[in-house]
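Report on the structure
This is what each chain is made of:
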Amino acid sequence: MAGTSAESGQSRRPSAPSLAVIGAGVAGCALAAGLRRGGWDGPIDLWEAGRGPGGRAATRRSRQDAGWHLDHGAPLLNLLEDPEPDLVAPLLQGGWIVPWREPAAALQADGTLGPAEADPLLGGSLYRGHQGMDDLCRGLLALAQGPPASLTGHYGTLVRHLAVRPEEGWRLADANGAVLGEADWLVLTGTLLAHPRAMERFGWSEVPLQRAAEGLGDGALEAALAALASMEMETRTNLMLTIEPAAAARWLALPFRLLSFDGQAQRRWGLRRLSIQPLADGRCGVVAHGVTADEAPAMAALEGAVAGALEPWLGEWASGGDGLAGVSQRQLMHWGAAFPVAPGLPPAAMVCPASRVAFCGDFIAGPGFGRIEGALRSAQALAGRLLALLLLLCLSLGGPALATAAGAVPYRCDGDLLLATSDNGAVDAPGIPNSAAGTVPGATVLLEWRQLRLQLPRTNNAGPPSYTDGLWWWSLEDPQQPRFLHRRGAIERFSCQAIAAAAPPADGR
Ligand SMILES: Cc1cc2nc3c(=O)[nH]c(=O)nc-3n(C[C@H](O)[C@H](O)[C@H](O)COP(=O)(O)OP(=O)(O)OC[C@H]3O[C@@H](n4cnc5c(N)ncnc54)[C@H](O)[C@@H]3O)c2cc1C
């Protein structure tokens, strides 16, 4: 499959199947990271309409004012389900995300404060990006780095048209029809190209993926498109305020950095949440999340609502004549598709192998739906399923993208791809030749997992094959769930499952 680099306009011919991932939000970046950590070295192109990574978990920054930045979408992420998504630990280790330890409260309609835990966006383990929420996606992209030129981000680029030719793969084009790139696989991490709302909102004449799918005869893709087309989205309008240092001191002394409004308080003030974000130079940003409305509320109405709700704490600072005192900058952000409405796209519909289309994002049904947790979990699930499919495709093409020999069996072990290549001949495992002094090794298994390449000799134990070098142990009493152990003082046990190509995951993710 030929791919076209948007920067150079030149054609390249990668030896491994290529992926075009539409969207560099949490799901797109996490998918790239998950594929890399699973051993995929093939080319991944991220196509993003925004100026940088982040999507709805982006940070708005200013070219003129280096000290100004606001998390204008999600101000934090919360994990409600166990175990945590695999990528959370390396993100914490790399310092990209940190635990969120700010005070939070819930405002009730009578103006009193209560505990905030009832808010589904504030339960469980809370984290934020280290220096803004966009650090989450930056960290994921750092984890997604592979061989040179294997990950390319194309920012400020709206993909408008899609076309597919069965033998040649997917072609992406801009609004003028100019070709942006080509790829074997297309992954959508947002619904824009598959949902009729773009026809109403931008006057598009068709739903791009629906148009491209016509004539493919892929029932799985048609079913996914039908489910996506019926999905509803909640809108949000957020007011962003920048508060000068003298007034900011009052805001920063409030007993909450995040204030959620309970149901009745939402009806009284027309607000869902307030997020107070300190800036380095004594200023602070305030983001007020308005309630869903068909008509976007006016800036002055939102600011009046903030002043009214905070009057008990801010006193005279709550109203400075035309609005709140000390405000140096006001902006509105309208999110046309802020939150998907349940039930979402069933996990079984995430992969359409016949047309080489896949989906991930917070719109996939399951744990974390409509939140960053769902974007991470769906990307992790899709990475696992694509790895199995890409491995098969790669082997059929004879490509080297997964450094493996024919006959490798894929497993998922503690969240990461493991390739097991057993060799019953009197030869060394491929890639580790050792016939020193004329020795002839026996049957072995080569395990490739994370950064490890282990060649384990077959034990003499009767029954199903088992392999060990005294430190590592691999045995196949249950070929679907091999035993994989490591002796390091105590015995460490890794949970392994065989990867069934294109099969929906058992847990719905
Ligand atoms: C105001 C607000 C507050 C929120 N608060 C929270 C919270 O407190 N906690 C929480 O967990 N979640 C929160 N969320 C939800 C959270 O932001 C999302 O669940 C999460 O960011 C979704 O990530 P994603 O990658 O699935 O989708 P997105 O972030 O939407 O990423 C998809 C990306 O694809 C790009 N894209 C789409 N189509 C195209 C195209 N044709 N061409 C190029 N690029 C394209 C988009 O620009 C976008 O960047 C909030 C959301 C909003 C709007």
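This text gives an overview of the structure that appears in the document.

As for the sheet that holds strand S4 (residues 44–47)
- Read across the sheet, six strands follow the order S12-S4-S3-S16-S23-S22 without closing on themselves; strand pairing throughout is mixed. Each edge of the open sheet carries a strand with a single partner, namely strand S12 (151–154) and strand S22 (351–352).
- Relative to S4, strand S3 (residues 19–22) is paired through four bridges, and the arrangement is parallel. Looking across to S4, one finds that valine 21 is bridged to leucine 46.

Here we look at unusual backbone geometry
- In this model, aspartate 82 is joined to proline 83 through a cis peptide bond whose omega is -10°.
- Its place among the elements puts proline 83 in the loop between strand S7 (77–79) and helix H2 (88–93).
- Residue proline 343 is bonded to the preceding alanine 342 through a cis peptide linkage, with omega at 20°.
- In this structure, proline 343 sits in the loop between strand S21 (327–340) and S22.

Describing the site of the ligand
- As a matter of local geometry, the ligand sits amid 36 residues, with Ala27, Glu48, Arg56, Arg273 and Asp362 nearest to it.
- Within the contact set of the ligand, an oxygen atom lies 2.8 Å away from a backbone nitrogen or oxygen of alanine 27.
- When isolated, the ligand has an accessible area of 1,000 Å², and the protein chains bury 94% of it.
- Elements that contribute at least two residues to the shell around the ligand include exactly helix H1 (26–37), S21 and helix H10 (372–397).

Concerning the pattern of salt bridges
- One pass over the structure, following the stated rule, counts 17 salt bridges.
- For arginine 138, the salt bridge goes to aspartate 135, with nearest N and O atoms at 3.8 Å. With arginine 138 and aspartate 135 both in helix H3 (residues 134–143) and three residues apart, the pair spans about one turn of that helix.
- Look at arginine 138 and you get partly exposed, because its relative accessible area is 33%.
- Of the residues examined, aspartate 135 reaches a relative accessible area of 8% and is grouped as buried.
- Three or more residues joined by partner-sharing salt bridges are found here, namely Arg61, Asp134, Asp135 and Arg138.

Considering the packing of aromatic side chains
- By the definition in use, this model includes eight aromatic pairs.
- On the numbers, 6.2 Å between centres and 80° between planes, the contact of phenylalanine 261 with tryptophan 269 is edge-to-face. For the pair phenylalanine 261 and tryptophan 269, one class covers both residues: buried.
- Here tryptophan 474 and phenylalanine 484 contribute two aromatic rings whose centre-to-centre distance is 5.4 Å and whose plane-to-plane angle is 80°, an arrangement assigned as edge-to-face. Of this pair, tryptophan 474 sits in strand S29 (residues 472–475) while phenylalanine 484 sits in strand S30 (residues 483–488), placing them ten residues apart in sequence.
- Under the relative-accessibility criterion, tryptophan 474 is labelled buried at 1%.
- Looking at phenylalanine 484, the relative accessible area reads 1%, which means it is buried.
- Taken together, the aromatic side chains of Tyr411, Trp472, Trp474, Phe484 and Phe494 make up a single cluster linked through ring pairs.

Definitions and limits used
- Residues numbered from 1 in each chain as written.
- Predicted model: local features only at pLDDT ≥ 70, side-chain atom pairs only at ≥ 80, totals over all residues.
- Heavy atoms only, no water.
- Pairing = 2+ DSSP bridges.
- Helix = DSSP H or I, 4+ residues; strand = E, 2+ residues; numbered from the N terminus.
- Near = heavy atom within 4 Å.
- Polar contact = N/O pair within 3.5 Å; in protein donor to acceptor, adjacent residues only side chain to side chain.
- Areas by Shrake-Rupley, 256 points an atom, 1.4 Å probe, with all protein chains shown as cover.
- Salt bridge = Lys/Arg side-chain N within 4 Å of Asp/Glu carboxyl O.
- Buried < 20%, exposed > 50% of the residue type's maximum accessible area, 1.4 Å probe, protein only.
- Phe/Tyr/Trp six-rings, centres within 6.5 Å; stacked < 30°, edge-to-face > 60°.

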